Amino acid sequence: MKLLIKNGTVIDPATDKPFQADVLCVDGKIAKMAENISSRGVKTIDATGCLLFPGFIDMHVHLREPGFEYKETIASGTRAAARGGFTGVAAMPNTAPVADNAAVIRFILEKAAQSGSSRVYPIGAITKGSQGKELAPMAEMKKAGAVAFSDDGHPVTNAYLMRQAMEYARMLKVPIISHCEDTALAAGGVMNEGYTATVLGLKGIPSAAEEIMVARDILLAEMTGCALHIAHVSTAGSVRLIRDAKRRGVPVTAEVTPHHFTLTEEAVLGYNTNAKVNPPLRTEADIEALKEGLADGTIDVIATDHAPHATHEKDKEFDYAPFGILGLETAVGLIFSELVDKGVLTLNQVACKCALNPARILGLPEKKLQVGSDADITIIDPNRREIVDPKDFVSLSSNSPFNGFTLKGLPVATILDGRITMQDRVPVSTTN
Ligand code: DOR
Ligand code: ZN
């Protein structure tokens, strides 16, 4: 099977400088990159004015299957990924049943093979049922295909258990992804602690509830030598702790979400439950620190924490609505509008944070746009604008606080294994 992408600008950090080329994909691989490749008899995409990136990987996604198929399924979530420009997603284990054993990991991989519009990399739970009491069978899950371990949604409160998990993970050469939250200090809070929470009469979550656990897990990673990845960093203090740990050579990496680098706690005003998320949206000063962390390499990855919830669940008093924000279909637009256009990140840095680094952290095949590499390509039109309308989402849910935002810089085609999974903002059904 052949596909020709004409007249795009190739962004590949390995080659350092963007360059103009036609890209010919044959049987899932990049077969040729040159100017003026003949398109005779070959299916062609015109990428004039567009940027070609190695296929983006979102390493923090909640696909909700098995168990919560009314919020999202593996089929719908990977279609949302394709529409968002992603060729791969890592699936968090807080499903029902929890992905804490090899059978659930295998189920996810089988479903993804049948109905997936993107690659799916399952993440296994650290503890049985993610209950923080007893370790899950990590070696068995790794053998079945788990790429990392996490109790995301919950912290592992017991430091001794986290130490043991890190020791096993190190032996298995798999990272631990930590949801950093001191639940005692968070104390049932529902948004950032501060002025806005006081005005709204809502209970706040202090920054220290995150930072205490970031500090603890850095110390445990230092002690065990385990690769630690900090999920959804939201505070200036966390950025500082991670920067310092990296300087000292601790094997720690970190991610930030588009909602945390775009929105402040004020998005909650009006009791907007679509802006209720854990960790909560913070302040302007935190956003500045997250951007500095992205720019100086302290933050390695942009991941969405795509967390679908049904309208009837979000349509409640703020205290009772679930935490979570959709991410897959707005991420690239926010990265370009908030980071590229504002000079925070270069295009090479975007390629690193959305493709190369997630692949490296999860131990996946190296991401590049060179002859011989996988034909996974994210094509972005940096000048295309769109007003976000959840009605356009292919996700089964619509809990986005970005409704009505104008985004500039959008994915216009997604290529997975040399096949088109999205073209002109619309997912294309795969032959699977
Ligand atoms: O806001 C969140 N939603 N944070 C989490 O850690 C879990 C996630 C979910 O699963 O809904
Ligand atoms: Zn999450």
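Right, let's walk through the structure included here. (Residues numbered from 1 in each chain as written. Chains lettered and ligands numbered in written order. Predicted model: local features only at pLDDT ≥ 70, side-chain atom pairs only at ≥ 80, totals over all residues. Heavy atoms only, no water.)

### Notes on the state of the cysteines
Here is step 1 of the chain: Here the structure, examined in full by the defined rule, presents zero disulfides.
Here is step 2 of the chain: Free of any disulfide, Cys25 has its nearest cysteine sulfur in Cys50, 15 Å distant. (Disulfide = S-S within 2.5 Å.)

### A look at the sheet that holds strand β6 (residues 56-61)
Here is step 1 of the chain: Strand order in this open sheet of eight strands is β6-β7-β8-β9-β10-β13-β14-β15, and the pairing throughout is parallel. Looking along the sheet, the strands with just one partner apiece sit at the ends: β6 and β15 (301-302).
Here is step 2 of the chain: As judged from the three bridges shared by strand β10 (residues 176-178) and strand β13 (residues 228-230), these two strands associate in the parallel manner. Its bridge partner being in β13, Ile176 is matched across the sheet by Leu228. (Pairing = 2+ DSSP bridges. Helix = DSSP H or I, 4+ residues; strand = E, 2+ residues; numbered from the N terminus.)

### Considering the coordination of the zinc ion (ligand 2)
Here is step 1 of the chain: Protein coordination at the zinc ion (ligand 2) comes from His60 (NE2), His62 (NE2), Asp152 (OD) and Asp305 (OD), with a distance range of 2.0 to 2.2 Å.
Here is step 2 of the chain: One can describe the donor arrangement at the zinc ion (ligand 2) as irregular, given that its four donor atoms subtend angles of 84 to 170° at the metal. (Donors = N, O, S within 2.8 Å, 3.2 Å for Na, K, Ca; no water. Tetrahedral: all angles 85-135°; square planar, octahedral: opposite > 155°, others 65-115°.)

### Overview of the packing of helix α12 (residues 331-340) against helix α13 (residues 347-362)
Here is step 1 of the chain: Following both chains from N to C, one finds α12 and α13 inclined at 135°, their axes separated by 12 Å at the closest point. With respect to α13, the element α12 is oriented oblique. In this structure, α12 meets α13 at a crossing whose hand is right-handed. Contact with α12, carried on its side by Ile335, Phe336 and Val340, involves Leu347, Val350 and Cys354 of α13 and no other residues of that element.
Here is step 2 of the chain: Among the residues forming the contact of α12 with α13, the class breakdown is six nonpolar, no polar and no charged. (Axes fitted to C-alpha atoms, helices over the stretch in contact; angles between N-to-C directions. Parallel < 35°, antiparallel > 145°, perpendicular 65-115°, else oblique. Left-handed = near helix turned anticlockwise from the far one by under 90°. Contact = heavy atoms within 4.5 Å. Nonpolar A, V, L, I, M, F, W, Y, C, P; charged D, E, K, R; others polar.)

### Description of the site of ligand 1
Here is step 1 of the chain: In the vicinity of ligand 1 there are 14 residues, among which Arg64, Asn94, Asn278, His309 and Phe323 approach most closely.
Here is step 2 of the chain: Within the contact set of ligand 1, an oxygen atom lies 2.9 Å away from a side-chain nitrogen or oxygen of His309.
Here is step 3 of the chain: Gly324 is positioned with one of its backbone polar atoms (N or O) 3.3 Å from an oxygen atom of ligand 1.
Here is step 4 of the chain: A class-by-class count of the residues in the shell around ligand 1 yields three nonpolar, eight polar and three charged. (Near = heavy atom within 4 Å. Polar contact = N/O pair within 3.5 Å; in protein donor to acceptor, adjacent residues only side chain to side chain.)

### Quick look at α12
Here is step 1 of the chain: Taking burial as the measure, the 10 residues of α12 include 10 buried ones, the bulk of the element.
Here is step 2 of the chain: Those residues of α12 that fall on the buried side of the exposure criterion are Ala331, Val332, Gly333, Leu334, Ile335, Phe336, Ser337, Glu338, Leu339 and Val340. (Buried < 20%, exposed > 50% of the residue type's maximum accessible area, 1.4 Å probe, protein only.)

### So, a negative patch on the surface
Here is step 1 of the chain: A cluster of acidic residues, Glu266, Glu284, Glu288 and Glu292, forms a negative patch at the surface.
Here is step 2 of the chain: Along the polypeptide, Glu266 turns up in the loop between α9 (258-262) and α10 (284-296). (Patch = residues over 30% accessible without salt bridge, like charges linked within 9 Å, V, L, I, M, F, W, Y side chains within 5 Å. Areas by Shrake-Rupley, 256 points an atom, 1.4 Å probe, with all protein chains shown as cover. Salt bridge = Lys/Arg side-chain N within 4 Å of Asp/Glu carboxyl O. Lys, Arg positive; Asp, Glu negative; His and termini not counted. Charge placed at Lys NZ, Arg CZ, Asp CG, Glu CD.)

### Comments concerning unusual backbone geometry
Here is step 1 of the chain: Each neighbour pair has its own omega, and for Ala96 with Pro97 the value is 5°, a cis peptide bond.
Here is step 2 of the chain: Among the structural elements, Pro97 can be located in the loop between β7 (86-91) and α2 (102-115).
Here is step 3 of the chain: Here the bond from Asn278 into Pro279 is cis, since omega is 0°, no more than 30 degrees from zero.
Here is step 4 of the chain: With respect to the helices and strands, the residue Pro279 is situated in the loop between α9 and α10.
Here is step 5 of the chain: We note that Tyr271 has phi near 55°; this positive angle belongs to a residue other than glycine.
Here is step 6 of the chain: By the element assignment, Tyr271 lies in the loop between α9 and α10.
Here is step 7 of the chain: A relative accessible area of 42% means that Tyr271 is categorised as partly exposed.

### Quick notes on the pairing of strand β5 (residues 51-54)
Taken residue by residue, a regular strand's side chains alternate between the two faces of the sheet.
Here is step 1 of the chain: Bridge analysis of strand β1 (residues 2-10) against β5 gives two bridges, and the strand direction is parallel. In the strand pairing of β5, Val10 is matched with Leu52.

### Some words on the packing of aromatic side chains
What describes a pair of aromatic rings is the distance from one ring centre to the other and the angle between the planes of the rings.
Here is step 1 of the chain: Taken as a whole, this structure holds four aromatic pairs when the rule is applied.
Here is step 2 of the chain: Measuring from ring centre to ring centre gives 5.2 Å for Phe402 and Phe405, while their planes differ by 85°; the resulting arrangement is edge-to-face.
Here is step 3 of the chain: Cluster of aromatic residues (ring-pair linked, three or more members): Phe53, Phe56, Phe86 and Phe336.
Here is step 4 of the chain: The residue whose ring lies beneath Lys71 is Phe68, and the NZ or CZ to ring-centre distance is 5.6 Å.
Here is step 5 of the chain: The aromatic ring of Phe323 is capped on one face by Lys276, whose charged end is 4.7 Å from the ring centroid. (Phe/Tyr/Trp six-rings, centres within 6.5 Å; stacked < 30°, edge-to-face > 60°. Lys NZ or Arg CZ within 6 Å of the ring centre and 35° of its normal.)

All we've got here are geometric facts, nothing functional implied.
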